[in-house]
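Next come the chains, spelled out residue by residue.
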Amino acid sequence: KQQCAARGEPVNFGRKMSSELCVATWENIRECILDIFNSHAMRGHPRAITLSNVKRLFRFNYNLELSETALGYARLNDVLQDERLGQLCAVRCLDGRQVLVQCEDG
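This one's a predicted model, so the numbers in the text were calculated from it and none came from an experiment. Numbering of residues begins from 1 in every chain and follows the order in which that chain's sequence is written. Under the rules for a predicted model, residues below a pLDDT of 70 receive no local features and side-chain atom pairs below 80 are neither given nor counted, while totals for whole chains, interfaces and linings still include all residues. Hydrogens and water molecules were not included; the side-chain quantities draw on all heavy atoms of the structure.

A. Seen up close, helix H2 (residues 26-39). For H2, with 14 residues, the first-to-last C-alpha span of 20 Å sits near the 20 Å given by 1.5 Å per residue. Burial classes follow relative accessibility: with a 1.4 Å probe on protein chains only, a residue under 20% of its type's maximum area counts as buried, one over 50% as exposed, and anything between as partly exposed. The helix count covers DSSP runs of H or I at least four residues long, the strand count covers runs of E at least two residues long, and both are numbered beginning at the N terminus. If you check which residues of H2 are buried, you get Trp26, Ile29, Cys32, Ile33, Ile36 and Phe37. Buried residues in H2, looked at end-on, bunch into an arc of 140°, giving them a common side. Looking at H2, the residues exposed on the side facing more than 90 degrees away from the buried face are Glu27 and Asn38. Those residues of H2 that are buried lie in contact with strand E2 (48-50), helix H3 (51-62), strand E3 (64-65), helix H4 (76-80), strand E4 (89-94) and strand E5 (97-102). To estimate how far a helix should extend, the number of its residues minus one is multiplied by 1.5 Å. Arc definition: directions from the helix axis to the C-beta atoms. A contact between two residues is defined here by any heavy atoms of the two lying within 4.5 Å.

Now the structure itself:
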């Protein structure tokens with residue numbers, strides 16, 4: 001996984017990446033995360049998304065593969081904490097779960 005991240009390639013763990021899915025770009029990620037905050041936030045936490053659901057939401061709602069290795073990272077947490085998303089969102093622990101929260105400025 002580290003080698004794929006260093007090369008900026010999606011990793012394939014024995015499953016085929018659907019040929020119908022494009023790999024998300026930083027621009028796609030910003031747009032989709034904003035939309036996700038508006039339409040899929042956690043019940044009782046309108047500015048939070050469970051981290052475990054983020055990749056699934058990208059696949060099913062936007063036909064995009066959110067590939068951390070294609071973006072140069074080995075972990076999704078690191079992608080979501082990249083400075084390009086810094087004013088938009090942050091990773092936090094909420095009710096014992098890792099969540100993506102919308103920043104006040106985002």
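There is more to say after this.
B. Main features of the nonpolar core. Note on terminology: a nonpolar core comprises buried Ala, Val, Leu, Ile, Met, Phe, Trp, Tyr and Cys residues joined through side-chain atoms within 4.5 Å. In this structure, Ile29, Ile33, Phe58, Leu66, Leu80, Leu85 and Leu100 are the most contacted members of the largest nonpolar core, which totals 23 residues. Of all the secondary-structure elements, those providing two or more residues to this core are H2, H3, H4 and E4. Ranked by residue count, the leading element in this core is H2, at six residues. Among residues more than four places away in sequence, those in contact with Leu85 are Trp26, Ile29, Arg30, Ile33, Val79 and Leu80. Within the second largest apolar cluster, six residues are counted, among which are Ala90, Val99, Val101 and Cys103.

C. Quick look at the sheet that holds E4. The strand order across the open sheet formed by three strands is E2-E5-E4, and the pairing between neighbours is antiparallel. At either end of the open sheet lies a strand with only one pairing partner, and these are E2 and E4. Mean inter-strand twist for the sheet, computed between neighbouring axes without regard to direction, equals 35°. Where E4 and E5 come together, six bridges link them in antiparallel fashion. Looking at the pairing, Arg92 lines up with Val99 of E5. For every element, the axis is a line fit to its C-alpha atoms; helices are fit only across the contacting stretch, and the angle between N-to-C directions ranges from 0 to 180 degrees. Taken strand by strand, H3 contacts E2, E4 and E5, and its axis lies near 85° from that of E2. When DSSP locates at least two bridges between a pair of strands, those strands are taken to pair.

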